[in-house]
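Residue-level structural notes
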Amino acid sequence: MLSFTNGDFKVYNIEEWQGEFASPEQLFAGFDPREFAHFAAQIPHAYYRPETNSLYAFLQSWVVRAGDLTILYDTGAGNHKDRPGIPVFGGLDTPFLANLAADGFEPDDIDIVICSHLHIDHVGWNTQLQDGQWVPTFANARYLLPRIDRSYWDPGITDGPRPSPTGAQVNANVFEDSVQPILDAGQAQLVDDGHIVAPGITLTLHPGHTPGHLVMHLESAGEQAMFVGDILHHPAQIFQPDWNSVYCEDPAAARSSRRQILARAAKTGARVVPAHFGGAHFAWVEEHGEGFRPRFGNPI
Ligand SMILES: [Zn+2]
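Residues numbered from 1 in each chain as written. Predicted model: local features only at pLDDT ≥ 70, side-chain atom pairs only at ≥ 80, totals over all residues. Heavy atoms only, no water.

Considerations on the environment of Gly-90
Basically, it comes down to this: Each helix corresponds to a stretch of at least 4 residues labelled H or I by DSSP, and each strand to a stretch of at least 2 residues labelled E; elements are numbered beginning at the N terminus. In what follows, a contact means two residues having at least one pair of non-hydrogen atoms within 4.5 Å.
Along the polypeptide, Gly-90 turns up in the loop between strand S6 (69-73) and helix H3 (96-102). Put simply, Gly-90 and His-80 are 10 residues apart on the chain and 6.6 Å apart in space, counted from C-alpha to C-alpha. Once residues lying within four places of it in the same chain are set aside, the contact partners of Gly-90 are Lys-81 and Arg-83.

Structure representation (C-alpha cells):
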C-alpha cells in the first residue's frame, strides 16, 4: 500500500517479507567494526537494530505503472520453495499475491516482469506451485532476464564462468524451479546492457554482485529513479561503498559498480531504490569526502 510518483509513472512497493536478517559481521565481507562505529548512529533504526546488532531487511517487489504498461521489478523469494542453502527463505507462505492485489494488481495484469539478477530472493515469484509443477505466476507477462546471468546460473551449462561455491550453495534449486519453467514456457526474453523496456525505462548492466546484474532507470517529466537491486544491500554501503555483501560473486567488480551507481545518483539526484531497504524503502545520495552519505526520505 506504499507508493510514490516519478514524473508520469506511479510506483508501488509490494512487500513480501521483513525481519532481522544478519549481523553486519555476517553480511559484509571485510567488515570493520571500528569504521562502522563512526557512522552507525546515522543509520535509522528501520535499517539497523543496535540492541540486537542486526541488519533489518525487506524482501519486496516494485510495480511500475507507465501508461498502459504494468511492470513488476524483482519477484522476491516465492512461496513453498525448497531452499537448503538458505533455509530462512525456504518454505515461505507469505501473502505476497494478496499484497499485490491490495494495490489493485492481479497476476494476469502484469505485462512485464524484470529480474535484476537471478539470485534466490529476486526470482521466487516468477513461478508458483500448481498440481506439483512450477508454472509461471504471471501468465501474460514477458519476463526480462539478464542474458549473462541466465548462462552463469544454469547448472546445465559447464563451460564459461561458473558460480562461486557460496553462490552455488545459496542458490541451490533456484534456477530449476524459478527460471527454467519461464524458459520452458517461452515467456523469457534475454536482455543486455542498454535494453529499453519502454519510453523512459531503461536497463543497464552493472556486474559484480552477479555478472549480469541489471539496474532499472526511470525518467519521466524531469524526475529520475534507479532501482539498483543488490548493488546496495544496506545503507552502511553508502557510507562505506567498499563493503561487499558475502553474496557478491566478483568482489572488485561489485565495489566498482557500487561506486559508479552512487556517483551517478549523487550527480543526477535520482532516487535510489535498493532491493532490501526498509524504512522509506529508498534514499537519495550525496557526495561526502571520498565517499557518500544517504539522505532518507519519509516513509512512503
Ligand atoms: Zn543478490
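Looking at the pairing of strand S1 (residues 2-6)
We apply this condition: At least two DSSP bridges between two strands are required for those strands to pair.
Sheet analysis places S1 next to strand S2 (residues 9-22), joined by five bridges and oriented antiparallel. Paired with Asn-6 across the strands is Phe-9, a residue of S2. Where S1 folds back onto S2 in an antiparallel hairpin, the turn is made up of two residues, including Gly-7, whose phi is positive at roughly 60°.

What about the coordination of the zinc ion?
To keep it simple, the criterion reads: Here the term donor refers to an N, O or S atom within 2.8 Å of the metal (or 3.2 Å for Na, K and Ca), and because water is left out of the atoms, sites may appear incomplete. In this scheme the shape depends on donor count and angles: four donors with every angle between 85 and 135 degrees give tetrahedral, four or six donors with opposite pairs above 155 degrees and others between 65 and 115 give square planar or octahedral in turn, and any other case is irregular. For each residue, the accessible area found with a 1.4 Å probe, counting protein chains only, is set against the maximum for its type, and the residue is called buried under 20%, exposed over 50%, and partly exposed in between.
Within the protein, His-117 (NE2), His-119 (ND1), His-209 (NE2) and Asp-230 (OD) serve as the donor atoms for the zinc ion, at 2.1 to 2.2 Å. Viewed at the metal, the four donor atoms of the zinc ion are separated by angles of 90 to 171°, and the geometry they form is irregular. When the donor residues of the zinc ion are listed from N- to C-terminus, their spacing reads H-x1-H-x89-H-x20-D. Here the residue His-209 occupies a position in the loop between strand S13 (201-205) and strand S14 (214-220), and Asp-230 occupies one in the loop between strand S15 (223-229) and helix H7 (236-239), the gap between them amounting to 21 residues. The exposure classification of His-209 matches that of Asp-230, with both residues buried.

Quick word on the packing of aromatic side chains
The following threshold applies: When the centres of two rings from Phe, Tyr and Trp lie within 6.5 Å, Trp using its six-membered ring, the rings pair. Their planes under 30 degrees apart give stacked, over 60 give edge-to-face, and anything left gives tilted. Our definition puts a charge over a ring when NZ of Lys or CZ of Arg is within 6 Å of the ring centre and also within 35 degrees of the ring normal.
Going through the model one piece at a time under the given rule, you end up with 23 aromatic pairs. Here the aromatic cluster, defined as three or more aromatic residues joined through ring pairs, consists of Phe-28, Phe-31, Phe-36, Phe-39, Tyr-48, Phe-239 and Trp-243. For the cation-ring pair, Arg-271 lies above Phe-282, with the distance from its terminal atom to the ring centre recorded as 4.4 Å.

Quick notes on the environment of Thr-127
The topology assignment puts Thr-127 in strand S8 (residues 127-130). Taking C-alpha positions, Thr-127 is 9.7 Å from Gln-180, a pair spaced 53 residues apart along the chain. Dropping the residues within four chain positions of it, Thr-127 is found in contact with Lys-81, Trp-134, Val-135, Pro-136, Thr-137, Asp-177, Ser-178, Pro-181 and Ile-182.

Focus on helix H6 (residues 174-184)
Within H6, burial applies to Val-174, Phe-175, Asp-177, Ser-178, Val-179, Pro-181 and Ile-182. The inward-facing, buried residues of H6 abut S8, strand S9 (133-136), strand S10 (142-146), helix H4 (147-152) and strand S11 (188-191).

Overview of the side chain of Ser-23
You can see Ser-23 is positioned in the loop between S2 and helix H1 (24-27). Residue classification places Ser-23 among the buried residues on the basis of a relative accessible area of 13%. In contact with Ser-23, not counting residues within four places along its chain, are Asn-53 and Leu-55.

Overview of unusual backbone geometry
Even without glycine at this site, Asn-53 takes up a positive phi of about 50°. Relative to the helices and strands, Asn-53 resides in the loop between strand S4 (48-49) and strand S5 (54-66). For Asn-53, a relative accessible area of 25% translates into the label partly exposed. Of note in this structure, Asn-173 is not a glycine but carries a positive phi near 80°. By the element assignment, Asn-173 lies in the loop between helix H5 (165-170) and H6. By relative accessible area, Asn-173 is classed as partly exposed at 27%.

Brief notes about the nonpolar core
Quick note on the threshold: Within this scheme, the nonpolar core is defined by two criteria: the residues are buried Ala, Val, Leu, Ile, Met, Phe, Trp, Tyr or Cys, and they are joined through side-chain atoms within 4.5 Å.
Grouped together as the largest cluster of nonpolar side chains are 31 residues, with contacts concentrated most on Val-113 and Phe-138. At the level of elements, S2, S5, H3, S10 and H6 are the ones that each hand at least two residues to this core. Element by element, the count of residues in this core is highest for H6, at four residues. Once residues within four sequence positions are removed from consideration, Val-113 is found in contact with Leu-72, Thr-75, Asn-126, Phe-138, Ala-141, Arg-142, Tyr-143 and Leu-144.

Observations concerning the side chain of Thr-137
Tracing the backbone shows Thr-137 in the loop between S9 and S10. Setting aside its immediate chain neighbours within four residues, Thr-137 contacts Leu-97, Pro-107, Trp-125, Asn-126, Thr-127, Gln-128 and Tyr-143.

As for the pairing of S10
Of all five residues in S10, four are buried; the element is thus mostly enclosed. Pairing of strand S7 (residues 112-114) with S10 involves three bridges; the strand directions are parallel. Residue Ile-114 lies in a different strand from S10, and its bridge partner there is Leu-144.

Some points on the pattern of salt bridges
Quick reminder of the rule: For this analysis, a salt bridge means a side-chain nitrogen from Lys or Arg found within 4 Å of a carboxyl oxygen belonging to Asp or Glu.
Scanning the entire structure with this criterion turns up seven salt bridges. For Lys-81, the salt bridge identified is with Asp-177, shortest N-O distance 3.9 Å. Residue Lys-81 is found in the loop between S6 and H3, and its partner Asp-177 is found in helix H6; the two are separated by 96 residues along the sequence. Asp-177 sits in the buried class, given a relative accessible area of 7%.

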